[in-house]
Amino acid sequence: MGTKSLCLLLASVLVAYYVYTPIPENIEERWKLMLINAGFRTVSHVAEFAEWLGLVHYMEVLMMITSIEYTAPISDENVTITDTKFNNVPARLYIPRKQSSGLKRAVIYIHGGGWCVGGSAMEPYDLLSRWTAKKLNAIVVSVEYRLAPMYHFPVQFEDVYTVVKFFLQNSVLAQYGVDPNRICISGDSAGGNLAAAVAQQLLDDLEVKVKLKIQALLYPALQTLDLDLPSYKDNENKPILPKSLMVRFWSEYFTTDLSLQEAMASNRHVPAESSHLFRFVNWSNLLPEKFKKDHVYASPVYGSSMLGKKYPGFLDPRAAPLLVDDTKLLGLPVTYVLTCQHDVLRDDGIMYVSRLREVGIEVIHDHIEDAIHGILMFITSPTDLALGHRVANKYIEWLNINL
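Keep in mind the model is a prediction, meaning the values are calculated, not measured.

(A) Quick peek at the side chain of Glu69. On the secondary structure map, Glu69 appears in the loop between helix H3 (58-68) and strand S1 (79-86). Buried charged residue Glu69 carries no salt bridge. Nearest counter-charge: Arg92, at 11 Å. Those residues in contact with Glu69, other than ones at most four positions away along the chain, are Ala121, Met122, Glu123, Pro124 and Thr380.

This is the structure in structure tokens:
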């Protein structure tokens, strides 16, 4: 074997080693997902290296994906699309062209991205909103909230709440021809977190007279207390959202101080004086047996009181909607929760389903056994997956029936 052939062989082996990631057997298009995940890992490694060199913040490199996937607000024969502002917060507005004899439905959508990346103008989010507007003949408001690390909690929550509260005014609904009895709030991942938190907050806002009809939470992040749930252990290194990245997203939401990230990574960040909150996320009581598997619940190991005092946001229900008392769940609308088996956030959504049902809220839990986190992002070429299209269709069909 010549030198060139040997170098080519070694290079091929190294590439194969880098690309290969164990993929669960029940996932289709496994090699395509493997290649997609290799792309995500490459960006992550570049981000880590650039940050180590002191060139840029890790999240700035990840934002490259958001920038690359930017889609201009180009209207088509079905939907008129404009970038606008609601009470000075940017949003992308989708208005269906199809004439209607009555008032239209509306969906307020909140994109994911760990509160640090993503945007309403990203191609997958733009396409999902177009589909929603067209298939439901509904107004879609996709919120463009500010991101960490430039802005920390509660800015993201406040931006979304500002848009929702403004849009729910009767005068604004009348302006867009929206039926005040047929409004949904929806979001995926970090957006699902914000949607759930906003829906809870609206219940206590006496200035808001219009009530949400439904909420849709798509693989949402809902709690900061226990980052060692069975789903975190089972999916620690699964594609797209490994535990290490989710921990980084959580910590960056509150601060760039690495001490919080390090404490969260070891699951020793909650101070003893907040121990009463663990009853809201005790997975031994809230998870069905099939999701517990062979995991054994262990009592929390408490962290420094200093972290809780410096960054109280991670103990705030506006950042972690699972931390509210049961009385704060009463009055929530009919809820759709989508969870994915191969996702660190799986158990967050499942525990919320259990708690909502315990207080009598009608919940539809759609668990996808062969899905990874962020499956709805994979609906555009070249990273589209057949499962992404099927899940998107299921979600939109549920909206159509229930809204």
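(B) Representation of unusual backbone geometry. Following Phe153, the chain continues into Pro154 via a peptide bond in cis, with omega recorded as 10 degrees. Of note in this structure, Tyr219 is not a glycine but carries a positive phi near 35 degrees. Considering the arrangement of structural elements, one finds Tyr219 in the loop between strand S6 (214-218) and helix H8 (230-234). A residue is classified by how much of its surface remains accessible, and Tyr219, at 1% relative accessible area, is buried. Positive phi outside glycine occurs at Asn267, with the angle close to 60 degrees.

(C) Representation of helix H15 (residues 386-402) in the model. For H15, spanning 17 residues, the distance from its first C-alpha to its last is 25 Å, which sits close to the expected 24 Å at 1.5 Å a residue. Regarding H15, the residues found buried are Leu387, Gly388, Val391, Ala392, Tyr395, Ile396, Trp398 and Leu399. Down the axis of H15, the buried side of the element spans an arc of 165 degrees, and every buried residue falls inside it. The inward-facing, buried residues of H15 abut strand S3 (104-110), helix H4 (123-136), strand S5 (178-188), S6, strand S7 (334-342) and strand S8 (363-372).

(D) Geometry of the pattern of salt bridges. Under the criterion given, the structure shown has 23 salt bridges. When the shortest N-O distance is used, the salt bridge between Asp234 and Arg346 registers 3.5 Å. With Asp234 in helix H8 and Arg346 in helix H14 (residues 346-358), this residue pair connects regions lying 112 residues apart in the sequence. Judged by its relative accessible area of 1%, Arg346 is buried. Look at the salt bridges and you will find they share partners, linking Asp76, Asp83, Arg92, Asp126 and Arg130 into a network.

(E) Inspection of the confidence of the model for the protein chain at higher detail. When the pLDDT values of the protein chain are averaged, the result is 93; 95% of them are 70 or greater. Contacts of residues 5-17 to residues separated by more than four positions or lying in other chains number two contacts, the stretch itself having pLDDT below 50.

(F) Representation of the pairing of S3. When you tally the buried positions in S3, you get seven out of seven residues, the bulk of the element. Taking every second residue as pointing to the same face, both faces of S3 are buried, with Lys104, Ala106, Ile108 and Ile110 on one and Arg105, Val107 and Tyr109 on the other. The pairing of S3 with S5 spans six bridges and is parallel. Across the sheet, residue Ile110 finds its bridge partner in S5, namely Gly187. Pairing analysis gives six bridges linking S3 to strand S4 (residues 138-143), with the strands arranged parallel. From the neighbouring strand, Ile110 faces S4, where its bridge partner is Val143. Handedness of the crossover is the feature at issue here: the chain leaves S3, passes through H4, returns alongside S4, and the resulting connection is right-handed.

(G) Quick look at the sheet that holds S1. The eight strands lie next to each other as S1-S2-S4-S3-S5-S6-S7-S8, forming an open sheet whose pairing is mixed. Single-partner strands in this sheet number two, and they are S1 and S8. For this sheet, the mean inter-axis angle between neighbouring strands, taken without regard to orientation, is 20 degrees. Note that S6 and S7 share five bridges and pair parallel. Directly across from Leu218, in S7, lies its bridge partner Leu338. Sitting on the sheet, H15 touches S3, S5, S6, S7 and S8, and the angle it makes with S8 is about 170 degrees.

(H) Here's a closer look at the pairing of S6. The element S6 is extensively covered by neighbouring structure, given that five of its five residues are classed as buried. Burial along S6 is two-sided: Ile214, Ala216 and Leu218 and Gln215 and Leu217, pointing in opposite directions, are all buried. Pairing analysis gives five bridges linking S5 to S6, with the strands arranged parallel. Following the sheet pairing, Ser186 is matched in S6 by Ala216.

(I) Seen up close, helix H9 (residues 243-254). Relative to the 16 Å expected for twelve residues at 1.5 Å per residue, H9 spans 17 Å between its end C-alpha atoms, a close match to the ideal helical length. Counting buried positions along H9 yields eleven of twelve residues, so the element is predominantly enclosed. Along H9, the positions that sit buried rather than exposed are Lys243, Leu245, Met246, Val247, Arg248, Phe249, Trp250, Ser251, Glu252, Tyr253 and Phe254. Tucked inside the fold, the buried residues of H9 contact helix H2 (30-52), H3, helix H5 (155-167), helix H7 (190-202), H8 and helix H10 (258-265).

(J) Expanded view of the nonpolar core. Among the nonpolar cores identified, the biggest contains 96 residues, and Phe167, Met246, Phe249 and Trp250 are the most heavily contacted of them. Tyr109, Cys184, Tyr219 and Leu376 belong to the second largest nonpolar core, which has 44 residues in total.

(K) Expanded view of the packing of aromatic side chains. The final tally for this structure, using the stated rule, is 19 aromatic pairs. When the centroid spacing of 5.9 Å and the interplanar angle of 65 degrees are considered together, the rings of Phe153 and Phe254 count as edge-to-face. Within this pair, whereas Phe153 is found in the loop between S4 and H5, its partner Phe254 is found in helix H9, the two being separated by 101 residues in sequence. Classification of Phe153 as buried rests on a relative accessible area of 13%. By relative accessible area, which is 8% here, Phe254 ends up buried. Ring pairing ties together the aromatic residues Trp115, Phe153, Trp250, Tyr253, Phe254 and Phe314, which thus form one cluster. Above the ring of Trp131, the side-chain terminus of Lys135 is found at 5.2 Å from the ring centroid. If you follow Arg146 out to its NZ or CZ, it ends over the ring of Tyr151, 5.0 Å from the centre.

Basis of the calculations
- Residues numbered from 1 in each chain as written.
- Predicted model: local features only at pLDDT ≥ 70, side-chain atom pairs only at ≥ 80, totals over all residues.
- Heavy atoms only, no water.
- Helix = DSSP H or I, 4+ residues; strand = E, 2+ residues; numbered from the N terminus.
- Buried < 20%, exposed > 50% of the residue type's maximum accessible area, 1.4 Å probe, protein only.
- Lys, Arg positive; Asp, Glu negative; His and termini not counted.
- Salt bridge = Lys/Arg side-chain N within 4 Å of Asp/Glu carboxyl O.
- Contact = heavy atoms within 4.5 Å.
- Expected span 1.5 Å × (residues − 1).
- Arc of directions from axis to C-beta.
- pLDDT = per-residue confidence, 0-100.
- Pairing = 2+ DSSP bridges.
- Right-handed = clockwise from strand over helix to strand, strands pointing away.
- Axes fitted to C-alpha atoms, helices over the stretch in contact; angles between N-to-C directions.
- Core = buried A, V, L, I, M, F, W, Y, C linked by side-chain atoms within 4.5 Å.
- Phe/Tyr/Trp six-rings, centres within 6.5 Å; stacked < 30°, edge-to-face > 60°.
- Lys NZ or Arg CZ within 6 Å of the ring centre and 35° of its normal.

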